[in-house]
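Survey of secondary and tertiary structure
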Amino acid sequence: MGNSAENSTGNSAAESLVISARTKNPNFGGLSGKRLGFAISFISTTGFLLFGYDQGLMSGIIASPEFNAAIPETKDNSTIQGFVTAIYEIGCLAGAIFTLCAGEILGRRKSIMLGALVMIIGTVIQVCVFRGPGGLAQFVIGRIVTGIGNGMNTSSIPTYQAECSRSKNRGLLICIEGGTIAFGTLISYWLNFGVSYTRSDVVWRFPIAFQCLFAIIIIFGMWFLPESPRWLLAKNRDIEGTYVIAALQAEPLDAPGTHLEKRVILDSMAAAGHGTKARFRDLLTNGKTQHFRRMLLGASSQLMQQIGGCNAVIYYFPILFEKSIGESRHQSLIMGGINMIVYSVFATTSWFIVEKAGRRKMFLWGTTGQMLSMFITFACLIPGTQSAAKGAGAGLFLYIASFGATWLPLPWLYPAEINPLRTRGKANAVSTITNWLFNFLIVMVTPIMIDRIGWGTYLFFGVVNACFMPIIYFFYPETRRRSLEEIDYIFAKGHEENISYVRAAKELPPLSGEQIEEMAIRYGFVGGPGRSSGGSVVEDEAKVE
């Protein structure tokens with residue numbers, strides 16, 4: 001709090017919030033409580049709707065005659081097609097790295113708004129491509145710039161949503177957020193199919209330009225929404241953080257519930273070593289906080305999502321149907337759209353089971369489904385007959401159903417909640433970097449694998465999925481219905497008692513706010529009952545005034 005008093009700009013904003021709080025209940029844009037939480041979730045899900053839209057965008061464009069005419073290098077060249085599609089992931093990787101380096105400085109809110117703005121700039125660059133020298137280079141640059149914006153958003157939005165949500169519905173909200181990826185992909189698939197009848201440049205220019213609509217909604221919406229209260233408190237902007245907590249809980253600034261939540265967050269910051277600036281090397285520490293282990297758990301979930309073959313199916317489903325199964329391009333586009341409907345329907349199932357089944361069971365169920373799907377697909381392609389190939393199509397549908405219900409949302413949820421406040425921003429960015437790095441690899445090599453080894457591609461992904469099972473079973477602790485601060489004590493318990501963290505999660509009972517404070521004292525993260533836990537509102541106001 002002392003640092004806040006030294007910052008004149010921060011003080012001005014804090015004073016206005018305190019004055020506002022004296023005359024009316026804390027709110028943002030007239031919203032508080034559930035309505036404010038809904039607004040945060042709506043804008044967050046719009047960010048992932050845009051992510052999903054971009055994910056499916058190129059599948060219906062890359063092999064279209066109109067796009068190939070505008071950029072001739074892409075015609076009948078699987079390597080160039082793979083490069084143009086996958087270079088987007090390099091931009092996303094760069095955006096995630098930017099967030100890793102600057103995200104904690106900018107904050108969650110500004111990072112998301114900047115990411116959406118960058119995506120608009122990249123979209124304009126792509127749409128303005130015309131046939132001639134440099135067309136391919138300009139399109140690639142536009143793809144990279146758009147990717148940078150998306151990388152910033154996908155690194156920031158899950159953390160922002162997690163830090164503004166309550167433990168009882170955090171999993172649901174981030175699963176809805178992740179599930180909208182499927183709906184974004186569904187929109188892009190059917191939009192591609194619809195404009196394919198225009199037989200003009202509209203076939204590819206309009207679908208690319210359409211993503212600006214989502215980005216504008218994000219920028220406009222975030223303008224009225226609050227910053228993460230946990231980020232504000234971590235930056236010693238105590239009064240602003242308290243104001244946001246009160247607004248999210250629809251309580252007065254001096255309500256007991258507001259101060260209990262604030263003390264729990266401050267105790268968690270003390271447990272994670274708050275007080276000095278978070279450094280990159282903090283990600284490599286263990287001890288009671290287990291920063292390194294927790295970063296690896298989050299990043300490994302993103303790694304496994306990608307190398308399990310999801311984008312080999314999502315990006316190239318029409319091409320897989322054409323080349324592996326032998327359907328016409330028109331029929332393949334229709335099947336791709338139907339596949340996305342299946343994808344979207346099953347993506348919604350996670351919304352209803354994530355807080356009942358838990359993360360571990362969903363990871364294990366999804367892995368089993370993906371593994372069996374890939375084995376079915378590879379086995380049905382071996383005979384090389386049309387009838388057997390239809391079984392391969394069924395395998396791809398089963399894969400996307402299994403993936404949509406489990407592995408689609410979980411790797412966005414797990415890193416955002418498994419990492420502590422001190423390293424959450426950086427660790428979540430590392431997870432997103434992992435996602436985009438291996439996303440690029442899979443998208444780049446899939447068309448080459450299909451050309452060179454055919455059905456062996458699906459055998460490869462089936463075996464890879466089988467390898468996930470022991471990793472999840474032995475190393476992934478359950479976080480269902482745990483507050484972000486409560487999760488810290490799963491790792492403290494495992495370390496102090498020298499037991500597996502999976503076991504520690506099973507043995508640690510659900511904790512109330514008061515019990516979390518007691519655990520902080522028990523494990524030596526904070527002092528005894530006489531310690532200061534963030535002060536009162538009166539004290540905070542006195543320091544500002």
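It should be emphasised that the depicted structure is a prediction, and the values quoted were computed from it without experimental measurement. (Residues numbered from 1 in each chain as written. Predicted model: local features only at pLDDT ≥ 70, side-chain atom pairs only at ≥ 80, totals over all residues. Heavy atoms only, no water.)

Thoughts on the overall build of the protein chain
A count of helices and strands for the protein chain gives 26 helices and zero strands. Burial statistics for the protein chain: of 545 residues in total, 61% are counted as buried. Intrachain contacts of the protein chain at a sequence separation of at least 6 include 81% that bridge at least 24 residues. As displayed, the protein chain offers around 20,200 Å² of accessible surface, 66% of which is attributable to carbon and sulfur atoms. (Helix = DSSP H or I, 4+ residues; strand = E, 2+ residues; numbered from the N terminus. Buried < 20%, exposed > 50% of the residue type's maximum accessible area, 1.4 Å probe, protein only. Contact = heavy atoms within 4.5 Å. Areas by Shrake-Rupley, 256 points an atom, 1.4 Å probe, with all protein chains shown as cover.)

What to know about the confidence of the model for the protein chain
In the predicted model, the protein chain carries a mean pLDDT of 83, and the fraction of residues at 70 or more is 87%. At the low end of the mean pLDDT range in the protein chain sits helix α26 (residues 537-544), at 34; at the high end sits helix α6 (residues 108-127), at 96. This stretch, residues 1-12, has a pLDDT under 50; its non-local contacts, to residues over four places away or in other chains, come to 13 contacts. Here residues 529-545 is a poorly scored stretch, pLDDT under 50, and it has 32 contacts once near neighbours within four places are set aside; other chains count. (pLDDT = per-residue confidence, 0-100.)

Observations regarding the packing of helix α13 (residues 291-307) against helix α23 (residues 484-497)
In a pair of packed helices, the angle between the axes and the distance between the axes together describe the arrangement. Following both chains from N to C, one finds α13 and α23 inclined at 115°, their axes separated by 11 Å at the closest point. At the point where α13 passes α23, the crossing takes the right-handed sense. Between α13 and α23, the residues in contact are R293, R294 and L297 and I487, D488 and F491, respectively. For the contact of α13 with α23, the per-class residue count stands at three nonpolar, no polar and three charged. (Axes fitted to C-alpha atoms, helices over the stretch in contact; angles between N-to-C directions. Left-handed = near helix turned anticlockwise from the far one by under 90°. Nonpolar A, V, L, I, M, F, W, Y, C, P; charged D, E, K, R; others polar.)

Description of the environment of R360
Residue placement: R360 occurs in helix α18 (residues 359-381). Put simply, R360 and V502 are 142 residues apart on the chain and 9.7 Å apart in space, counted from C-alpha to C-alpha. Those residues within four positions of R360 in sequence are excluded, and the remaining contacts are I472, Y473, Y476, P477, E478 and V502. Engagement of the side chain of R360 in a polar contact is seen with the backbone oxygen of Y476, the distance being 2.9 Å. (Polar contact = N/O pair within 3.5 Å; in protein donor to acceptor, adjacent residues only side chain to side chain.)

Section: the side chain of N428
Within the secondary structure, N428 sits in helix α21 (residues 421-453). Judged by its relative accessible area of 3%, N428 is buried. Excluding anything up to four places from it in sequence, N428 contacts S155, P158, T159, P415, A416 and T423.

Comments concerning α21
For α21, which comprises 33 residues, the first-to-last C-alpha distance of 45 Å matches the rise-based estimate of 48 Å (1.5 Å per residue) to within 8%. Taken as a whole, α21 carries its principal kink of about 35° at T446; the proline P447 stands between one and four residues after it. By the criterion of burial, α21 is predominantly enclosed, with 24 of the 33 residues buried. (Expected span 1.5 Å × (residues − 1). Bend = angle between axes of the 7 residues up to and from the residue.)

Concerning the pattern of salt bridges
One pass over the full model with this rule turns up 15 salt bridges. Between R424 and E163 there is a salt bridge; the shortest N-O distance is 3.0 Å. Of this pair, R424 sits in helix α21 while E163 sits in helix α7 (residues 135-163), and the two are 261 residues apart along the sequence. E163 matches R424 in its accessibility class, with the two residues each being buried. A salt bridge links E507 to K493, with the nearest nitrogen and oxygen atoms 3.9 Å apart. Within this pair, whereas E507 is found in helix α24 (residues 501-507), its partner K493 is found in helix α23, the two being separated by 14 residues in sequence. Classification of E507 by relative accessible area gives partly exposed; the value is 37%. Because the salt bridges share partners, they merge into one network encompassing K493, E497, R503, E507 and R522. (Salt bridge = Lys/Arg side-chain N within 4 Å of Asp/Glu carboxyl O.)

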